[in-house]
Amino acid sequence: MIKVNDNFCKLPGSYLFSEVARRVGAYSEAHPEAKIIRMGIGDVTLPLCPSAIAAMHAAIDELTRRDTFHGYGPETGYDFLREAIAKNDYGLRGVSIELDEIFINDGAKSDTGNIGDILSHDCRIAVTDPVYPVYVDTNVMAGRAGNLEKSGCWSNIIYLPCSIENGFVPSLPQEHPDAIYLCYPNNPTGTSLSRKELTKWVEYAITNNVLLLFDSAYEAYITDGDTPHSIYEIPGAKKVAIEFRSYSKTAGFTGVRCGYTVVPKELEGRDRDGNVIGLNGLWRRRQTTKFNGASYISQRGAAALYSDSGKKEVAENIKYYMDNAKMILNSVMGLGLQAVGGVNAPYVWVKTPDGMSSWEFFDLLLEKFQIVGTPGVGFGPSGEGYFRFSAFSTREATMQAMNRIKNI
Ligand code: MLT
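Residues numbered from 1 in each chain as written. Predicted model: local features only at pLDDT ≥ 70, side-chain atom pairs only at ≥ 80, totals over all residues. Heavy atoms only, no water.

### Section: the overall build of the protein chain
Phase 1 of the analysis: Within the protein chain, the regular secondary structure consists of 13 helices and 15 strands.
Phase 2 of the analysis: The C-alpha atoms of the protein chain give 21 Å as radius of gyration, which agrees with the globular expectation for 408 residues (22 Å, within 12%).
Phase 3 of the analysis: Referenced to the eigenvectors of the C-alpha coordinate spread, the extents of the protein chain come out at roughly 60 × 55 × 50 Å.
Phase 4 of the analysis: For the protein chain, the proportion of its 408 residues judged to be buried stands at 53%.
Phase 5 of the analysis: In the protein chain, the share of contacts with a sequence separation of at least 24, taken over all contacts with a separation of at least 6, comes to 72%.
Phase 6 of the analysis: Within the structure as shown, the protein chain displays about 18000 Å² of accessible surface, and the carbon and sulfur contribution to it stands at 52%.
Phase 7 of the analysis: Averaging the coordinates of the 41 positive side-chain charges in the protein chain and doing the same for the 47 negative ones gives two points 2 Å apart. (Helix = DSSP H or I, 4+ residues; strand = E, 2+ residues; numbered from the N terminus. Rg over C-alpha atoms; globule rule 2.2 N^0.38 Å. Buried < 20%, exposed > 50% of the residue type's maximum accessible area, 1.4 Å probe, protein only. Contact = heavy atoms within 4.5 Å. Areas by Shrake-Rupley, 256 points an atom, 1.4 Å probe, with all protein chains shown as cover. Lys, Arg positive; Asp, Glu negative; His and termini not counted. Charge placed at Lys NZ, Arg CZ, Asp CG, Glu CD.)

Laid out in structure tokens, this is it:
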């Protein structure tokens, strides 16, 4: 008998962005003439920056010659990239991270999902709500989530609501979780946590023996000085936090695929007999067993982003998207809608008008204005009544979209 993982059967029919794509596909089939503007999934539109392109071309040339060919690389990443990360992403911020604490991967999505492999099946997890759906769905797959309730919440997950009412700043959990996913700057709300707020979470985690799974895929978009780029800027965080980073949104690597995870050696858990176990070793064991490393070509491309020219080009791309974000934020606020985000992140999170549901607003924008965004409820129950615009479109498309809705 072919026995399937029953947990998968508990999941809603499709992943959020697949559902959005399905609905948009159906609409464009029925209206082939429609000029749809896509501001849904956070997929970049600018091409790769010249420094990464040159490095990847050179890497391909190396692979064409017997004497410079590379086969399997180190499963946890080449040192040339890990050294650049340790120096630039951490050292320059006064944080010391050792090379064997850095694990190169094929993007943050994989590892934020896979990290559950090294946690016990009965770990109780907490998420901010709304939330990047990968954190919840992968825990459903692992059997940690319980059952889906009418409210849209999973019975065994602790939800930490973020809404206009609390200024999108989650409160510390009332119940005791074993692990908490935090994504800051936040996807989907585009809000960020100040140093003081993040310190509160780290101190809570230390006192209560909780693991923080910190997704900082959007850190490069931070524009204010009070928002930490890494959780390790907060004293004590290495004892309680794993950090996920990505080049997808920073350098247009959504198609190339490269990112990394930091698992500090100070981070310890316990097995069922109470023995102390280092999470770094467990994650290494997991990665070397299930992953053969990101490609040499993409790692060379990523390393080039840390050159002087690479840094300059990345900064220009980020400015381009953040100018889009500013335009979106100003336009929707000009329409009298409540909105946040767009300052430290490339997402603008809007309260839907007149009590419309998220999907009603999605349909309205698609059918009347041929604009695609993401319905807030797709990110969790507290996202109902909200809508997310991504700033990753082209300048022209963003201007056109804002122009289309000006009389909404
Ligand atoms: C999003 O739109 O939320 C992201 O692009 C999804 C992802 O990074 O996987």
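Read on, since the account is not over.
### Regarding the sheet that holds strand E12 (residues 347–351)
Phase 1 of the analysis: Overall, antiparallel pairing links the 4 strands, which are arranged E11-E12-E15-E14 in an open sheet. Across the chains shown, the open sheet's two edge strands, defined by having one partner strand only, are strand E11 (339–341) and strand E14 (374–375).
Phase 2 of the analysis: Sheet topology note: the E11/E12 ladder contains 3 bridges and is antiparallel. Residue pairing in the sheet places Ala-339 in a bridge with Val-350 of E12. (Pairing = 2+ DSSP bridges.)

### Topic: the nonpolar core
Phase 1 of the analysis: In terms of nonpolar packing, the biggest core is built from 91 residues, with Tyr-247 and Phe-389 touching the most fellow members.
Phase 2 of the analysis: In terms of residue count, helix H11 (residues 308–334) provides more of this core than any other element does, 9 residues in total.
Phase 3 of the analysis: Counting the residues that make up this core, at least three belong to each of domain 1 (6–47 + 314–407) and domain 2 (53–308).
Phase 4 of the analysis: Leave out the neighbours within four places in its chain, and Phe-389 touches Met-39, Ile-328, Val-332, Pro-346, Tyr-347, Val-348, Val-350, Leu-365, Ile-371 and Met-402.
Phase 5 of the analysis: Residues Val-134, Tyr-159, Leu-267 and Trp-283 belong to the second largest nonpolar core, which totals 31 residues. (Core = buried A, V, L, I, M, F, W, Y, C linked by side-chain atoms within 4.5 Å. Domains from an automatic or database assignment.)

### Topic: the site of the ligand
Phase 1 of the analysis: Surveying the vicinity of the ligand reveals the residues Phe-17, Ile-41, Gly-42, Lys-109, Tyr-132, Asn-187, Lys-249, Tyr-347 and Arg-388.
Phase 2 of the analysis: The contact in question runs from an oxygen atom of the ligand to an N or O atom on the backbone of Gly-42, over 2.6 Å.
Phase 3 of the analysis: Take Tyr-132: an N or O atom from its side chain is 2.5 Å from an oxygen atom of the ligand.
Phase 4 of the analysis: Grouping the constituent residues of the shell around the ligand by class yields 4 nonpolar, 2 polar and 3 charged. (Near = heavy atom within 4 Å. Polar contact = N/O pair within 3.5 Å; in protein donor to acceptor, adjacent residues only side chain to side chain. Nonpolar A, V, L, I, M, F, W, Y, C, P; charged D, E, K, R; others polar.)

### Notes on the state of the cysteines
Phase 1 of the analysis: Overall, the coordinates contain 0 disulfides when judged by the stated rule.
Phase 2 of the analysis: Distance from the sulfur of Cys-153, which forms no disulfide, to the nearest cysteine sulfur (Cys-162) is 13 Å.
Phase 3 of the analysis: Its sulfur unpaired, Cys-183 is 11 Å from the next cysteine sulfur, which belongs to Cys-162. (Disulfide = S-S within 2.5 Å.)

### So, the sheet that holds strand E6 (residues 211–215)
Phase 1 of the analysis: Taken in spatial order, the 7 strands make up an open sheet running E2-E8-E7-E6-E5-E3-E4, and their pairing is mixed. The open sheet terminates on both sides in strands that have one partner only, identified here as strand E2 (102–105) and strand E4 (158–161). On average, adjacent strands in this sheet sit at an angle of 20° to one another, irrespective of strand direction.
Phase 2 of the analysis: As judged from the 4 bridges shared by strand E3 (residues 125–129) and E4, these two strands associate in the parallel manner. Counted as the bridge partner of Ala-126 is Ile-158 from E4.
Phase 3 of the analysis: Helix H6 (residues 133–141) contacts E3, strand E5 (179–183) and E6 of the sheet and is inclined by roughly 150° relative to E3. (Axes fitted to C-alpha atoms, helices over the stretch in contact; angles between N-to-C directions.)

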